[in-house]
Amino acid sequence: MNLDGCVEVDAAYYGAPPGWIGRHVPVQWDSHHVRLMDPRTGQLLREHLRQTRGHHRIKDEDRPKKTPLGTLQLLSRVDKTGAQIGALCRGMYSEHGQTAVRRIQGVLSLAKKYGAASVEDACAAALEVGVRDYQFVRRYLERRPQLPLSLRQVDPLIRQLTLYRDFIESKTKESDE
């Protein structure tokens, strides 16, 4: 079960009762229903009508009353990745709740693929037009010509190469004297 408390069947998502996040749950399905079973007793935990790809089916009583720890940690990661990325992902979470977790994870995977600076720009563009959507960010990055990653995009803590050059030159001059 994923951080959003759902199991995935044919790219649709089905909620389990509270307390099952991170646990393995046997699932049975046919063309009309998806059934989540208790692995110890075999009893039915939840039965849902089948959903189309990308959609969720979660009972209201299964929605968490407070934000789960794993989700808080995920939101902290997006904040550290970039201010615009954090703002977009927190907006997605406030609008969609736990069902946004997979999309937030998707934004983080885009940052790995395209670099945090490019995703930061894409998120800024999304927020500027009032869209809080993973698909917008992904399409923006796919349609934008790829610039080669610069050192700044890899890690903002890396200093200018000239500083390293000057440091090495000063140390070699000291050792020559």
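My aim in this report is to walk through the structure given alongside it, one point at a time. Remember, predicted model here, so these are calculated numbers, not experimental data.

On to a nonpolar patch on the surface. A contiguous nonpolar surface patch, about 440 Å² in accessible area, is contributed by Leu-161, Tyr-164, Phe-167 and Ile-168. Mapped onto the secondary structure, Phe-167 falls in helix H7 (residues 161-176).

All right, on to helix H5 (residues 134-143) then. Taken together, the buried positions of H5 are Tyr-134, Val-137 and Leu-141. Buried residues in H5, looked at end-on, bunch into an arc of 70 degrees, giving them a common side. Buried residues in H5 make contact with helix H2 (83-96), helix H3 (101-114) and helix H4 (116-128).

To continue, consider the sheet that holds strand S3 (residues 27-29). Taken together, 3 strands build an open sheet; the order of strands is S3-S4-S5 and the sheet is antiparallel. The open sheet has two edge strands, S3 and strand S5 (44-49), and neither has a second partner. The mean angle between the axes of side-by-side strands here comes to 15 degrees, regardless of whether they run parallel or antiparallel.

Ile-104, Val-107, Val-119 and Val-137 are the most contacted members of the largest nonpolar core, which totals 23 residues. If you list the elements that add at least two residues to this core, you get helix H1 (69-81), H2, H3, H4 and H5. Looking at which element gives the most residues to this core, the answer is H3, with 7 residues. Not counting chain neighbours up to four residues away, the residues in contact with Val-137 comprise Leu-88, Leu-110, Val-119, Ala-122, Cys-123 and Ala-126. Within the second largest apolar cluster, 10 residues are counted, among which are Val-9, Ala-12, Tyr-14 and Val-34.

Cut-offs and rules
- Residues numbered from 1 in each chain as written.
- Predicted model: local features only at pLDDT ≥ 70, side-chain atom pairs only at ≥ 80, totals over all residues.
- Heavy atoms only, no water.
- Patch = residues over 30% accessible without salt bridge, like charges linked within 9 Å, V, L, I, M, F, W, Y side chains within 5 Å.
- Areas by Shrake-Rupley, 256 points an atom, 1.4 Å probe, with all protein chains shown as cover.
- Salt bridge = Lys/Arg side-chain N within 4 Å of Asp/Glu carboxyl O.
- Helix = DSSP H or I, 4+ residues; strand = E, 2+ residues; numbered from the N terminus.
- Buried < 20%, exposed > 50% of the residue type's maximum accessible area, 1.4 Å probe, protein only.
- Arc of directions from axis to C-beta.
- Contact = heavy atoms within 4.5 Å.
- Pairing = 2+ DSSP bridges.
- Axes fitted to C-alpha atoms, helices over the stretch in contact; angles between N-to-C directions.
- Core = buried A, V, L, I, M, F, W, Y, C linked by side-chain atoms within 4.5 Å.

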